[in-house]
Amino acid sequence: MNNCNRSWYVIVSKSGKIKRLSSCLSELGIENLVPMQKQVRQWSDRRKTIEVPIFFNYAFVNCTEKDRRNVFKTDAVKCFLSIGGLHAKVSNQEIERIRQLINYEHDIDIEESSREFTKGQKVKISCGSLKGLTGIVSNNYETGKRKIGIFIESLKCFACVKIPAKYLKPVEEFVSVG
């Protein structure tokens, strides 16, 4: 397949089928990305590491316009995500951002630091596996701890990660967060 004509599209999985979606698409020869993150969950009698989707029921396929119909050869796909009547496409740069999020193995609480950040402040991550990404400081209202939102432009959403304040550097702009 010619790489020039291929684009990353967003697909929506059927309920409960996101975890097996990647293997189904790979069997069909379709390049895909189903972003999953390992998390430790605590039950009353044990702790277990499980994989959970980063984007609820969203996955990404790299194919030509013509080959998009092949995605439906698996029963795990519900539809292509449409925004404004057009199939949502994701840039290669955004796919790389998502891959960086997948490889971010730590769910770290923000540490107290002499540096203070305010809600809505734009920051750049200065070290670690997410180095170079920019984000916006947001609040986790359940715990009162700050998180950084990494914006995924084509999906119009943020992937929020907890990250130590010492890994952040302010960016001169101020962004309003509702």
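Residues numbered from 1 in each chain as written. Predicted model: local features only at pLDDT ≥ 70, side-chain atom pairs only at ≥ 80, totals over all residues. Heavy atoms only, no water.

Engineer: Describe the overall build of the protein, naming the residues involved and giving the relevant values.
Structural biologist: Of the regular secondary structure elements, the protein holds two helices and 14 strands. When each of the 178 residues of the protein is scored for burial, the buried share is 39%. Here the analysis covers contacts within the protein between residues at least 6 apart in sequence; of these, 65% occur between residues at least 24 apart. As displayed, the protein has an accessible area near 10,700 Å², and 48% of this comes from carbon and sulfur atoms. (Helix = DSSP H or I, 4+ residues; strand = E, 2+ residues; numbered from the N terminus. Buried < 20%, exposed > 50% of the residue type's maximum accessible area, 1.4 Å probe, protein only. Contact = heavy atoms within 4.5 Å. Areas by Shrake-Rupley, 256 points an atom, 1.4 Å probe, with all protein chains shown as cover.)

Engineer: Mind laying out helix α2 (residues 92-103), listing which residues take part and the relevant values?
Structural biologist: An ideal rise of 1.5 Å per residue puts 16 Å on twelve residues; α2 measures up with 17 Å between its terminal C-alpha atoms. All of the buried residues along α2 are E94, I95, R97, I98 and L101. Along the axis of α2, the buried residues cluster in a sector spanning 155 degrees; they form a single face. Every exposed residue of α2 that faces more than 90 degrees away from the buried side is listed here: N92, Q93 and N103. (Expected span 1.5 Å × (residues − 1). Arc of directions from axis to C-beta.)

Engineer: So what's going on with the pattern of salt bridges? Which residues, and what values?
Structural biologist: In this structure the tally under the stated criterion is six salt bridges. For D75, the salt bridge identified is with R20, shortest N-O distance 2.6 Å. Within this pair, whereas D75 is found in the loop between β5 (58-63) and β6 (77-80), its partner R20 is found in helix α1 (residues 18-27), the two being separated by 55 residues in sequence. A relative accessible area of 40% places D75 in the partly exposed class. Residue classification places R20 among the partly exposed residues on the basis of a relative accessible area of 34%. (Salt bridge = Lys/Arg side-chain N within 4 Å of Asp/Glu carboxyl O.)

Engineer: Mind laying out the environment of G120, listing which residues take part and the relevant values?
Structural biologist: Following the sequence through the fold, G120 ends up in the loop between α2 and β10 (121-125). For the pair formed by G120 and G135, sequence separation is 15 residues and the distance between their alpha carbons is 9.3 Å.

Engineer: So what's going on with the environment of S23? Which residues, and what values?
Structural biologist: If you trace the backbone, S23 turns up in helix α1. S23 sits in the partly exposed class, given a relative accessible area of 40%. Spatially, the C-alpha atoms of S23 and V34 are 9.7 Å apart, while their sequence positions differ by eleven residues. Only 3.0 Å separates the side chain of S23 from the backbone oxygen of R20, close enough to count as a polar contact. (Polar contact = N/O pair within 3.5 Å; in protein donor to acceptor, adjacent residues only side chain to side chain.)

Engineer: Tell me about the packing of aromatic side chains, residues and numbers included.
Structural biologist: One pass over the full model with this rule turns up two aromatic pairs. Measuring from centroid to centroid gives 5.9 Å for Y9 and F80, while their planes differ by 85 degrees, and the two rings are edge-to-face. Remark: F80 occurs in strand β6 and Y9 occurs in strand β1 (residues 7-13); sequence separation between them is 71 residues. On the basis of an interplanar angle of 70 degrees and a centroid distance of 5.7 Å, the ring pair of F72 and F80 is categorised as edge-to-face. Given a relative accessible area of 40%, F72 falls into the partly exposed group. In textbook terms, an aromatic cluster arises when at least three aromatic residues are bridged by ring pairs, as seen for Y9, F72 and F80. For R46, the ring lying beneath its charged end belongs to W43, and the centroid distance is 5.1 Å. The side chain of R68 reaches across the aromatic face of Y9, ending 5.1 Å from its centre. (Phe/Tyr/Trp six-rings, centres within 6.5 Å; stacked < 30°, edge-to-face > 60°. Lys NZ or Arg CZ within 6 Å of the ring centre and 35° of its normal.)

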